[in-house]
Amino acid sequence: MDEKNRSNLIEQLAMSMGAVTDAQVRLDQTRYDSSTGTMYCNGVKFSKNVVDDALNYFRRAQAQANASGSREMQNIGVYYQIAVECILMMENGQNNTGGEKK
């Protein structure tokens, strides 16, 4: 079997298993698929579990920074708060201010 036929066969098998072609999804574009909870960022696909892990990480880091008593760490806690809010906005499909939190 020549290389072109082999490549076509592999692509057809992948499509039959639910894969999408590059024409259907541009992985280099950052976007969030709310139907699956998947985030595509600079060519990398992050599952809902990974996004949830990131949210939990930033929540813990924010709590630790705020509890430290250090003014510098509390200032850093603001950055973690921003990350938490951005993930929540993304998950809730919000692109403006004044939205509800989870």
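Predicted model only: the values in this text are computed from it and were never measured.

Chemist: So what's going on with the environment of Y80? Residues and values would help.
Modeler: Note on placement: Y80 falls in helix 3 (residues 71-92). C-alpha of Y80 to C-alpha of Q62: the two residues are 18 residues apart in sequence and 5.2 Å apart in space. Sequence-distant contacts of Y80, that is, excluding residues within four places in its chain, are made with F58, A61, Q62 and A65.

Chemist: Requested: an account of the pattern of salt bridges, with residues and values cited.
Modeler: By the definition in use, this model includes one salt bridge. In this structure, D52 and K48 form a salt bridge, with 3.3 Å as the shortest nitrogen-oxygen distance. Placement of both D52 and K48 in helix 2 (residues 48-67) is noted, with a separation of four residues, approximately one turn of the helix.

Chemist: Which residues make up the sheet that holds strand 3 (residues 44-46), and what values do they have?
Modeler: Strand order across the open sheet formed by three strands is 1-2-3, with antiparallel pairing between neighbours. Bordering the open sheet on either side are strand 1 (31-33) and strand 3, each of which pairs with just one other strand. The average undirected angle you get between the axes of adjacent strands in this sheet is 20°. As defined by bridge partners, strand 2 (residues 38-41) adjoins strand 3 across three bridges and the pair is classed as antiparallel.

Chemist: Which residues make up the pairing of strand 2, and what are the values?
Modeler: Burial along strand 2 is one-sided: the face carrying T38 and Y40 is buried and the face carrying M39 and C41 is not. Here strand 1 runs beside strand 2; their pairing, made up of three bridges, is antiparallel. Residue pairing for strand 2: Y32 is matched across the bridge by M39. In this structure, the hairpin formed by strand 1 and strand 2 is closed by a connection of four residues, where G37 is found at a positive phi of approximately 75°.

The rules we used
- Residues numbered from 1 in each chain as written.
- Predicted model: local features only at pLDDT ≥ 70, side-chain atom pairs only at ≥ 80, totals over all residues.
- Heavy atoms only, no water.
- Helix = DSSP H or I, 4+ residues; strand = E, 2+ residues; numbered from the N terminus.
- Contact = heavy atoms within 4.5 Å.
- Salt bridge = Lys/Arg side-chain N within 4 Å of Asp/Glu carboxyl O.
- Pairing = 2+ DSSP bridges.
- Axes fitted to C-alpha atoms, helices over the stretch in contact; angles between N-to-C directions.
- Buried < 20%, exposed > 50% of the residue type's maximum accessible area, 1.4 Å probe, protein only.

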